[in-house]
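# Commentary on secondary and tertiary structure
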Amino acid sequence: MNAHTSVASPATSPSLASELPDASLAFRAAMRKLAGAVSVLTVGAGDGRTGLTATSVTALSVEPPTLLITINRGGSSLGPVLQERAFAINVLRPHHQPVADRFAGKGGLKGPARYEGADWTKLTTGAPVLADALAAFDCELEDAIERHSHVIVIGRVVASRITESAEPLLYWAGGYRGLAL
């Protein structure tokens, strides 16, 4: 028999703690123990560019190549993804931490301002791709499924690119990490 302990995250604010049920707080604390590669989703062109930082990118299928990412229903990037029907997933390297911070909205940056300070290119769909990303996946929107607070976005990968001999930027327990073998 497995024992489960409900433990609230120490980083949870008092106001947030009063809004979320104990099960949600325990879930959030447990998910902080799941390390993930840091990626940025990019979408749009020109002044319409936007995006977000995510650790919730998952391979769905190899044939056809598809991936999924979850986007908060209230997030500013969901509308452009649904409208453009194309986006890119850029897997970050340790020196991309400032990119991760900008796309997470730190410093209040929004839209095209999040793209400053990095070199961007395009593959097939025209979605912005980080030139030196560890891996980049250029996707066409295949499906969007609303579930609870998020939308599961399924992207058909139409092009991808990797940088050999590079390591990922990871996120774990509320902070950025690198590989330590």
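Residues numbered from 1 in each chain as written. Predicted model: local features only at pLDDT ≥ 70, side-chain atom pairs only at ≥ 80, totals over all residues. Heavy atoms only, no water.

## Overview of the packing of aromatic side chains
For any pair of aromatic rings, the description rests on two quantities: the centre-to-centre distance and the angle between the ring planes. This model, assessed by the stated rule, comprises 4 aromatic pairs. Sitting over the ring of Tyr 115, Arg 49 keeps its end group 4.6 Å from the ring centre. (Phe/Tyr/Trp six-rings, centres within 6.5 Å; stacked < 30°, edge-to-face > 60°. Lys NZ or Arg CZ within 6 Å of the ring centre and 35° of its normal.)

## Topic: the sheet that holds strand E11 (residues 170-172)
One open sheet holds the 3 strands; their spatial order is E1-E11-E12, and the pairing between them is antiparallel. Bordering the open sheet on either side are strand E1 (36-37) and strand E12 (175-177), each of which pairs with just one other strand. In this structure, E11 lies alongside E12, joined through 3 bridges in antiparallel fashion. Note that in E12 the partner of Trp 172 across the bridge is Gly 175. (Pairing = 2+ DSSP bridges. Helix = DSSP H or I, 4+ residues; strand = E, 2+ residues; numbered from the N terminus.)

## Comments concerning the environment of Leu 92
For Leu 92, the location among the structural elements is in the loop between strand E6 (86-91) and helix H4 (97-103). As for Leu 92 and Ala 135, which are separated by 43 residues in sequence, their C-alpha atoms are 7.5 Å apart. Residues within four places of Leu 92 in sequence aside, it is in contact with Val 38, Ser 39, Val 40, Val 99, Ala 100, Leu 130, Leu 134, Glu 167, Pro 168 and Leu 169. (Contact = heavy atoms within 4.5 Å.)

## Here we look at the pattern of salt bridges
Two side chains that carry opposite charge are able to pair once their charged atoms sit near each other. Considering all chains together, one arrives at 3 salt bridges under this definition. One salt bridge in this structure joins Arg 156 and Glu 142, with 2.7 Å as the shortest N-O distance. Remark: Glu 142 occurs in strand E9 (residues 135-147) and Arg 156 occurs in strand E10 (residues 150-162); sequence separation between them is 14 residues. Looking at Glu 142, the relative accessible area reads 37%, which means it is partly exposed. (Salt bridge = Lys/Arg side-chain N within 4 Å of Asp/Glu carboxyl O. Buried < 20%, exposed > 50% of the residue type's maximum accessible area, 1.4 Å probe, protein only.)

## Considerations on the confidence of the model for the protein chain
The predicted model of the protein chain averages 90 in pLDDT, with 90% of residues at 70 or higher. Contacts of residues 1-14 to residues separated by more than four positions or lying in other chains number 12 contacts, the stretch itself having pLDDT below 50. (pLDDT = per-residue confidence, 0-100.)

## Overview of the nonpolar core
Grouped together as the largest cluster of nonpolar side chains are 16 residues, with contacts concentrated most on Leu 41, Ile 69, Ile 71, Val 81, Phe 87 and Val 153. Of all the secondary structure elements, the ones that give two or more residues to this core are strand E2 (39-43), strand E3 (50-54), strand E5 (65-72), helix H3 (78-84), E6, E9 and E10. The contacts of Ile 69, once residues within four sequence positions are left out, are Leu 41, Leu 52, Ala 54, Ser 56, Val 57, Ile 89, Val 151, Ile 152 and Val 153. Within the second largest apolar cluster, 12 residues are counted, among which are Val 38, Tyr 115, Trp 120 and Ala 133. (Core = buried A, V, L, I, M, F, W, Y, C linked by side-chain atoms within 4.5 Å.)

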